[in-house]
Amino acid sequence: MSEMLANTSKGHIEVRNFSLAYETIEGPVQAVTDTQIHVKPGEFVSIVGPSGCGKSTLLNAVAGFLKPTTGVVTVDGERVNGPSAERGMVFQQYSLFPWKTVRENVEFGLKMRGMPSSQRERAARTLLGLAGLEAFEKQYPEKLSGGMKQRVGIVRALATGPKVLLLDEPFGALDAQTRVIMQQILTNMWQRLKISVLFVTHDIDEAIFLSDRVYCMTARPGSIKAEIPIPLERPRQQSMMMSSEFLALRRGLMSLIREESLKAMGGEITDLGMQGLNIELHGHSLADVI
Amino acid sequence: MSSPALVRQPEDSMPATALAEAGPSPAAITRPSTPPSFATLGLRWYRLNRAGLRAAAIGVISLLAFLLVWHLLTTYRVVFFVRFTNVPSPLAVYDSFVKAIHDPKFLMHILLSCRRIFIGFSLAAIVGVPLGLIMGRFKLVHEVIFPVAEVLRPIPAIAWVPMAIMLWPTNEQSIVFITFLGSFFPILVNTLHGMSLVDPVLVRAAQCLGARERSIFREVYFPASLPHIFTGLTVGMGVAWVSLIAAEMISGQYGIGYFTWEAYSLVQYADIALGMIAIGVLGLGSSLLIRGAGQLVMPWRST
Ligand SMILES: Nc1ncnc2c1ncn2[C@@H]1O[C@H](COP(=O)(O)OP(=O)(O)OP(=O)(O)O)[C@@H](O)[C@H]1O
Ligand SMILES: [Mg+2]
């Protein structure tokens, strides 16, 4: 089972010359263009960018749900053709099966593989224990809090020992405190499993706190605007978020995103224009608040 | 079996306190420190079920009031737009009920109706549910069957009576056929509806856990549609009774519908009401059975 859970050396994601257009009645909508990203084995990489820039599109293409219009997605040199248990996915809406108990949800991937029920029961119990959920194994997801649901979601995705873990704003629906705890748990699992992670978020602090590297995307059609290495040492503590190093990274990313967000809202509004308005909000100018 | 990699690392940096804060410890909820006395348990039970008790009490009162009004209307033979002159009183109906339950013929009427419902409805469920599931999953099947279903669906089961008599060699078969038709379409349509509402994200979740088409069908589409399937079964059961009674009144020789109609021809007014009440009780009982089955099959939905 150790071989199943710890997929050490592999998990190299490569996205090359990637573009994706959605077919609509009004013609193709270019969601992502000319994008190159990679995730090295065991690396934790985040994608940030303004709303609607194509983060989910890119992630869904890596998962195999969407076919690139041009370019290729490969994992360990193998072309991605469709979803597979090699690439675990965690969704913002939790997406637990409401008709399965917590443990049955976690067992699902193992069941699909044909693992006998007693064996997968034991595996699921172990994993749930690590996430602090053993007491809830017989509950149905509906009864759980958001944080607990998402812990189940993560454990479920990890149970089959995927090479890479893809997360699309997994903590977006959680309150701030729960979010912080979930970040700790995720970091922890990632470090133990040495799995490659591709993490989509719009929370800059979250991206910096968790990642080895952050890709910042442009407004739609999305492409990579910048790639920012995060040299903060690990293990990372919450207190680090006050360090000058962290704050400098944050400022950098913030200004990159702000530029793109303003572009996304319509080219007319510029930083300068905002400052010209000079509206005061709790002592900050509106331009600073945005 | 070696321990999973997750356990092997000794340095557990997962913050235990943080985990404890993330959710209430279930031990704290389920195990109070001192065992409660019967009085407190009773009080607690009362508090939790107050709404239910209230509804039951009001329900009983309302039924009694109904009986009382019925009694008064018939005792005084009220004529006010409608005529209660020949309507049997509740006591007369009770008398004929007492007579009827000792009469094997009455029991046979009921049993035969139940058997027709059972066969017709079961066939409808056995055909309708899988057909709905397949139509929901395979476009071609949907495209072929849907237009025909849409044309046949609005035809009330009663309108099928003459056709059914022509189609089937025996009366019994045509009555069962009409019962089947009545329940078939609600079951089919609701199953289809359930299939169309399955959350695509759940399908994706299953796919990236390694599920193939067959497993997705069994593990996602089917359970996700179950609530609507049971809505279809409940509605279908109701329509099955409607169709059955109509068919029995027109072409039957036995059955509770026939009993009711015959009572009218034989001028046994108390039996008319008895037949009606029997139909009501049977209909109620069968829909309760379906609801119970639904709760058994979908434990995640019962709160
Ligand atoms: N099925 C679709 N058909 C047409 N256009 C789509 C479709 N899905 C997404 N889009 C468009 O493609 C663009 C990228 O969408 P995507 O969901 O990838 O953005 P995102 O970065 O994840 O946004 P958010 O931060 O809001 O989640 C959006 O502008 C969206 O309107
Ligand atoms: Mg998105």
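Calculation criteria
Residues numbered from 1 in each chain as written. Chains lettered and ligands numbered in written order. Predicted model: local features only at pLDDT ≥ 70, side-chain atom pairs only at ≥ 80, totals over all residues. Heavy atoms only, no water. Helix = DSSP H or I, 4+ residues; strand = E, 2+ residues; numbered from the N terminus. Buried < 20%, exposed > 50% of the residue type's maximum accessible area, 1.4 Å probe, protein only. Contact = heavy atoms within 4.5 Å. Areas by Shrake-Rupley, 256 points an atom, 1.4 Å probe, with all protein chains shown as cover. Axes fitted to C-alpha atoms, helices over the stretch in contact; angles between N-to-C directions. Parallel < 35°, antiparallel > 145°, perpendicular 65-115°, else oblique. Left-handed = near helix turned anticlockwise from the far one by under 90°. Nonpolar A, V, L, I, M, F, W, Y, C, P; charged D, E, K, R; others polar. Pairing = 2+ DSSP bridges. Patch = residues over 30% accessible without salt bridge, like charges linked within 9 Å, V, L, I, M, F, W, Y side chains within 5 Å. Salt bridge = Lys/Arg side-chain N within 4 Å of Asp/Glu carboxyl O. pLDDT = per-residue confidence, 0-100. Lys, Arg positive; Asp, Glu negative; His and termini not counted. Polar contact = N/O pair within 3.5 Å; in protein donor to acceptor, adjacent residues only side chain to side chain.

Here the focus is the overall build of chain B. Counting its regular elements, chain B contains 14 helices and 2 strands. A buried classification covers 37% of the 303 residues belonging to chain B. Relative to all contacts within chain B whose residues are 6 or more apart in sequence, the contacts with residues 24 or more apart total 68%. For chain B, the accessible surface area stands at approximately 18,300 Å², while carbon and sulfur atoms represent 70% of it.

We now examine the packing of helix α3 (residues 102-112) of chain A against helix α5 (residues 146-159) of chain A. Residue and element names in this part refer to chain A. Packing of α3 against α5 leaves a shortest axis separation of 7 Å and a crossing angle of 25 degrees. Judged by the angle between their axes, α3 and α5 are roughly parallel. Crossing handedness for the pair α3 and α5: right-handed. Where α3 approaches α5, its residues Val102, Asn105, Val106 and Leu110 are matched on the opposing element by Val152, Val155, Arg156 and Ala159. In the contact of α3 with α5, the residues fall into 6 nonpolar, 1 polar and 1 charged.

Across a sheet, paired strands are connected by hydrogen bonds in the backbone, their directions being either parallel or antiparallel. Residue and element names in this part refer to chain A. The strand order across the open sheet built from 6 strands is β6-β7-β8-β3-β9-β10, with neighbouring strands paired in mixed fashion. Two strands lie at the open edges of the sheet, namely β6 (87-90) and β10 (224-229), each paired on one side alone. Averaged over all pairs of adjacent strands, the angle between their axes in this sheet comes to 15 degrees, without regard to strand direction. Taken together, the 4 bridges between β6 and strand β7 (residues 164-168) define a ladder with parallel strand orientation. Across the sheet, residue arginine 87 finds its bridge partner in β7, namely valine 164. Contacts from helix α2 (residues 55-63) reach β3 (44-48), β6, β7, β8 (196-200) and β9 (213-217), with the element oriented near 150 degrees to β7.

What follows concerns a nonpolar patch on the surface. Together, Val60(B), Leu64(B), Phe66(B) and Leu67(B) make up a nonpolar patch on the protein surface, roughly 400 Å² of accessible area in all. Mapping Phe66(B) onto the fold places it in helix α5 (residues 50-75).

Summing up the model confidence of chain A, the mean pLDDT is 88 and the portion of residues at 70 or higher is 88%. Considering only residues more than four positions removed or in separate chains, one finds that residues 272-290 of chain A, a stretch of pLDDT under 50, has 15 contacts.

Attention now goes to the side chain of Ser113(B). Mapped onto the secondary structure, Ser113(B) falls in helix α7 (residues 104-137). Other than its neighbours up to four places away in sequence, Ser113(B) contacts Trp241(B), Leu244(B), Glu248(B), Gly255(B), Ile256(B) and Gly257(B).

This part is about the pairing of strand β4 (residues 70-75) of chain A. On a regular strand, one side chain projects to one face of the sheet and the next to the other, so that they alternate. All names here are of chain A. Relative to β4, strand β1 (residues 13-24) runs antiparallel, the two sharing 5 bridges. Each bridged residue has a counterpart across the sheet, and for serine 19 the counterpart in β4 is threonine 70. Direction of pairing for β4 relative to strand β5 (residues 78-79): antiparallel, over a ladder of 2 bridges. Bridge assignment links threonine 74 to a residue of β5, and that residue is arginine 79. Count of turn residues in the β4/β5 antiparallel hairpin: 2 residues, of which aspartate 76 carries a positive phi of about 55 degrees.

Further remarks concern the side chain of Arg156(A). Looking at the secondary structure, you find Arg156(A) in helix α5. Of the buried charged residues, Arg156(A) lacks a salt bridge, with Asp199(B) as the closest side chain of opposite charge at 9.8 Å. Engagement of the side chain of Arg156(A) in a polar contact is seen with the side chain of Asn105(A), the distance being 3.2 Å. Sequence-distant contacts of Arg156(A), that is, excluding residues within four places in its chain, are made with Tyr94(A), Ser95(A), Leu96(A), Phe97(A), Asn105(A), Val106(A), Ala205(B) and Leu209(B).

Attention now moves to the pattern of salt bridges. According to the stated counting rule, one finds 25 salt bridges over all chains in the structure shown. Residues Glu150(B) and Arg153(B) are paired through a salt bridge, measuring 3.1 Å at the closest nitrogen-oxygen approach. Note that Arg218(B) and Glu219(B) form a salt bridge whose closest N and O atoms lie 3.7 Å from each other. One network of salt bridges, in which partners are shared, links Arg103(A), Glu107(A), Arg120(A), Glu121(A), Arg125(A) and Glu137(A).

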